[in-house]
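# Observations on the three-dimensional arrangement
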Amino acid sequence: MQNPNILNDEERENKGLDTSLRFEYQIDWAIYHALDKLNKKQEFVAFVEFHEDVLFANSCTYSPTTKFELFQIKTTYKSYTPRSITSTGSTNSTLGKMILGVKDKSFENQVDKLCLLCLEDINFSNKIKDIDKDYKFSELHENDKKVISTAISNELNFTINAQYEDMIVFRKTGLKLDDSDSQIKHKIYDFIENHYGDVGSRPREIYRLLKDDLRPKSKHKNRYEYWEDCVKHRGLESKKISEDILNKTDQDIDQKLEKLITVNSQNLKKTESQIQRILNKIRAYYLFKMCIKPAALQTELDTFLENIRPQIPLDIDEENTYKMAVDFLDQKVNEMIFLKEYNRLQAVAIYEVFRMILDDEQF
């Protein structure tokens, strides 16, 4: 027998709960979008509650060519129209607020996308119903563009010019509000399977870790004079996301390779203690190699290893071959700025030399 719910009276409005649920969804959507970018091997930094609900920069290192994507996320199941996104009351309209968020800002000309993200179809003349697809303002029906442009001109005394026609974007998201956590965990699992094969993984732990990394802390209210500090304290880099994912997969360097390195510790003139430290450094380098990274960096690494291999003095019949090969590669590796941090105790050189030896033995 079921008991009647004594708490079934109508609740007073709970804006705190609505705000909390909306914020959690924003974090989920940032992860959702980040995984799509990782699938395309794109470099980025993700920010939550920074100039907009979600902001992405297309580079971890700032330059005048760095581009920004800003997303205003609507978490009500409401179908928007040209008039509803430009209607004003006691405050500015939805689109008006978005424009004011970038208009006359120092980064205005570097904004690549100013996106209104909705859960439902967007009822323009040509209904926007395909999920996760961008529709630029410039592509809208002329009647819709006229309604929106006139309303924004009246509200802000601002003309939607060619720059903003290309910048303003509308999108219907495929991430459900009431099932976002489950969707993200499945998306993480699919990402791992597609990129690393059938390996053990912990999507639940990865999801919690990424949410915690993206969730703004109290220090995020600070303003940072330098881009590097802003990224460090307010953003989450694509490389960090990749590393978080890989660190929660049951994947390590080949056991045969580890054994080969260990048994040759004397030939390398390394102590057992040093070898264990080197293996830890090798794991960090291995994860770096496995991580999704910018295509240019991946190409540079692949080209370097391909070109250097014929030059390495490897002769397994020579007693000092291992030490000579490692010393030679170590010198070359240290000339590669992005590899130096992984090459302490010659870790990169040792890994690559013995991987070559192992590969040669298998053919």
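Preceding this section is the structure that the text describes.
The paragraphs below set out a description of the structure included in this document. It should be emphasised that the depicted structure is a prediction, and the values quoted were computed from it without experimental measurement.

Take the pattern of salt bridges next. Overall, the coordinates contain 21 salt bridges when judged by the stated rule. The partner of Lys248 in a salt bridge is Glu205, and the shortest N-O contact between them spans 3.3 Å. Of the two residues, Lys248 is situated in the loop between α8 (238-247) and α9 (255-263) and Glu205 in helix α6 (residues 203-214); the sequence distance between them amounts to 43 residues. The exposure class of Lys248 is partly exposed, given its relative accessible area of 23%. For Asp327, the salt bridge is made with Lys323, and the minimal N-O distance between the two is 2.7 Å. Placement of both Asp327 and Lys323 in helix α12 (residues 321-333) is noted, with a separation of 4 residues, approximately one turn of the helix. By relative accessible area, which is 31% here, Asp327 ends up partly exposed. With relative accessibility at 22%, the residue Lys323 sits in the partly exposed group. Look at the salt bridges and you will find they share partners, linking Lys37, Glu69, Lys113, Asp134 and Arg171 into a network.

For strand β3 (residues 68-73), a buried count of 6 out of 6 residues is recorded, marking the element as mostly surrounded by other parts of the structure. Going residue by residue along β3, you find Phe68, Leu70 and Gln72 tucked away on one face and Glu69, Phe71 and Ile73 tucked away on the opposite face as well. Two strands pair when backbone bridges link them, and strand β2 (residues 52-57) and β3 are joined in this way by 4 bridges, in the antiparallel orientation. Bridge pairing links Phe56 to Glu69 in β3. In this sheet, strand β4 (residues 111-118) lies alongside β3 in parallel orientation, the contact comprising 6 bridges. Residue Gln72 lies in a different strand from β4, and its bridge partner there is Leu116. For the crossover that starts at β3, traverses helix α2 (residues 94-100) and ends in the parallel β4, the hand is right-handed.

What follows concerns unusual backbone geometry. For Asp132, which is not a glycine, the phi torsion comes out positive at approximately 55 degrees. For Leu345, which is not a glycine, the phi torsion comes out positive at approximately 60 degrees. For Leu345, the position within the fold is in the loop between α13 (337-340) and α14 (347-361).

The next point concerns the layout of surface pockets. Taken as a whole, the largest pocket holds about 590 Å³ of empty space. Surrounding the largest pocket, 18 residues form its lining, Phe50, His51, Phe107, Tyr224 and Cys230 being those nearest its centre. Broken down by element, the lining of the largest pocket gets its largest block of residues, 3 residues, from helix α7 (residues 227-234). Residues of the lining of the largest pocket, tallied by class, amount to 9 nonpolar, 4 polar and 5 charged. Of the pockets and cavities examined, the second largest pocket occupies roughly 430 Å³. For the lining of the second largest pocket, the leading source of residues is α7, giving 3 residues.

Our next topic: the pairing of β2. Buried residues dominate β2, accounting for 6 of its 6 residues. Note: strand β1 (residues 45-50) against β2, 5 bridges, orientation antiparallel. Bridging across to β2, Phe47 finds its partner in Leu55.

Cut-off values and rules
- Residues numbered from 1 in each chain as written.
- Predicted model: local features only at pLDDT ≥ 70, side-chain atom pairs only at ≥ 80, totals over all residues.
- Heavy atoms only, no water.
- Salt bridge = Lys/Arg side-chain N within 4 Å of Asp/Glu carboxyl O.
- Helix = DSSP H or I, 4+ residues; strand = E, 2+ residues; numbered from the N terminus.
- Buried < 20%, exposed > 50% of the residue type's maximum accessible area, 1.4 Å probe, protein only.
- Pairing = 2+ DSSP bridges.
- Right-handed = clockwise from strand over helix to strand, strands pointing away.
- 1 Å grid on protein atoms, 1.4 Å probe; cavity = no way out; pocket = protein on both sides within 12 Å on 5 of 7 lines; lining within 4 Å.
- Points joined across faces, edges and corners; volume = space filled by probe spheres on them.
- Nonpolar A, V, L, I, M, F, W, Y, C, P; charged D, E, K, R; others polar.

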